[in-house]
Amino acid sequence: MMNFHINTAAALAVVASTVMAFTGQSHATAFAAWQVAGVPFGDTLNVRKYPSGTSQKQAAYPNGTILQMTGKCTGGLNLLEIAGQPHWKQKQAIRYQWCQVWHDPAQNGGFVSGWVYGKYLTPY
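The residue count restarts for each chain, going from 1 along the sequence in the order it is written. In view of the model being predicted, local features appear only for residues whose pLDDT reaches at least 70, and side-chain atom pairs are presented and counted only at 80 or more, with totals across whole chains, interfaces and linings using the full set of residues. The basis for every side-chain value is the complete set of heavy atoms in the structure, and neither hydrogens nor water enter the calculation.

Asker: Any chance you could explain the overall build of the protein here in plain terms?
Answerer: Counting from the N terminus, the helices are the DSSP runs of H or I reaching at least four residues and the strands are the DSSP runs of E reaching at least two. When you go through the protein residue by residue, the secondary structure sums to 3 helices and 7 strands. Split into buried and exposed, the 124 residues of the protein put 27% on the buried side. Surface accessibility in these figures is a Shrake-Rupley result with a 1.4 Å probe; residues are shielded only by whichever protein chains are displayed. Total accessible area on the protein stands at roughly 7,900 Å², and carbon and sulfur atoms take up 59% of it. Burial here depends on accessible area, computed with a 1.4 Å probe over protein chains only, as a share of the maximum for the residue type. Under 20% is buried, over 50% is exposed, and the range in between is partly exposed.

If you want it as structure tokens, here you go:
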């Protein structure tokens with residue numbers, strides 16, 4: 001009987017971890033795609049660890065790069081909530097905000113979150 005309880009507990013742990021893994025992945029479907037735009041010629045948009053121009057730089061992307069946005073921006077702004085508005089209005093809403101991205105700076109499958117300044121983004 002003891003083995004039954006141990007096996008059952010182990011099986012439930014596997015099921016719970018699988019559900020947690022899929023739940024974590026489901027957030028990826030909620031990402032909003034935005035494009036880097038308006039960066040001066042020859043320059044790139046820096047992705048920072050925190051929403052500050054003095055924070056550690058994680059990566060840099062040129063104009064035209066499509067970024068996966070988590071939806072979260074400073075000032076309590078959520079990109080997913082403004083997604084139905086005209087593009088000009090969305091751009092205006094984030095112009096002075098930092099917005100969180102989900103990216104792979106080392107291009108090795110190690111995705112992390114970072115922050116970009118909204119002035120250099122446009123809805124995709």
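Asker: What is the right way to read the state of the cysteines from this model?
Answerer: Disulfide: a covalent bond formed between the sulfur atoms of two cysteine residues. Whenever a pair of cysteine sulfur atoms sits within 2.5 Å, that pair is classed as a disulfide. All told, the structure shown has 1 disulfide when counted by the stated rule. There is a disulfide in this structure between Cys73 and Cys99, and the S-S distance comes to 2.2 Å. Across the disulfide from Cys73 to Cys99, rotation about the S-S bond amounts to roughly 105°, and the bridge is consequently right-handed. One end of the pair, Cys73, is in strand E4 (residues 66–73); the other, Cys99, is in strand E5 (residues 98–103), and 26 residues separate them in sequence. Accessibility classification places Cys73 together with Cys99 in one group, the buried group.

Asker: Whenever I open this one, the packing of aromatic side chains confuses me. Can you help?
Answerer: The description of an aromatic ring pair rests on the distance of the ring centres and on the angle between the ring planes. Two aromatic rings, drawn from Phe, Tyr or Trp (for Trp, its six-membered ring), form a pair once their centres lie within 6.5 Å of each other, and the interplanar angle then sorts them: stacked below 30 degrees, edge-to-face above 60, tilted otherwise. Summed over the entire model, instances satisfying the criterion amount to 3 aromatic pairs. On the numbers, 6.1 Å between centres and 20° between planes, the contact of Trp102 with Phe111 is stacked. A relative accessible area of 32% means that Trp102 is categorised as partly exposed. The exposure class assigned to Phe111 is partly exposed, which follows from its relative accessible area of 37%. Pairwise contacts between aromatic rings join Phe31, Trp102 and Phe111 into one cluster.

Asker: How do you make sense of unusual backbone geometry when you look at a structure like this?
Answerer: Most peptide bonds take the trans form, and the phi angle of most residues other than glycine is negative. Backbone geometry places Gln107, a non-glycine residue, at a positive phi of 50°. By relative accessible area, Gln107 is classed as exposed at 70%.

Asker: Looking at this structure, how should I read the pairing of strand E1 (residues 32–36)?
Answerer: Each regular strand displays side chains that alternate between the two surfaces of the sheet. The rule for pairing is simple: two strands pair if DSSP sees at least two bridges between them. As defined by bridge partners, E1 adjoins E4 across 4 bridges and the pair is classed as antiparallel. Within E4, the position partnered with Gln35 by the bridge is Ile66. Sheet topology places E1 next to strand E7 (residues 121–123); 3 bridges connect them, and they run antiparallel. Paired with Gln35 across the two strands is Thr122, which belongs to E7.

Asker: Would you mind going over the nonpolar core with me for this structure?
Answerer: Nonpolar side chains in soluble globular proteins tend to end up buried together. In this description, a nonpolar core means a group of buried Ala, Val, Leu, Ile, Met, Phe, Trp, Tyr and Cys residues linked to one another through side-chain atoms lying within 4.5 Å. Counting residues in hydrophobic clusters, the biggest one holds 19 residues, and the most contacted among them are Leu67, Met69, Ile94, Val116 and Leu121. Broken down by secondary-structure element, the contributors of at least two residues to this core are E1, strand E2 (45–48), strand E3 (57–61), E4, helix H2 (79–82) and E5. The contact criterion used is simple: two residues touch if any of their non-hydrogen atoms lie within 4.5 Å. Once residues lying within four places of it in the same chain are set aside, the contact partners of Met69 are Phe31, Ala32, Trp34, Leu79, Cys99, Gln100, Val101, Val116 and Leu121.

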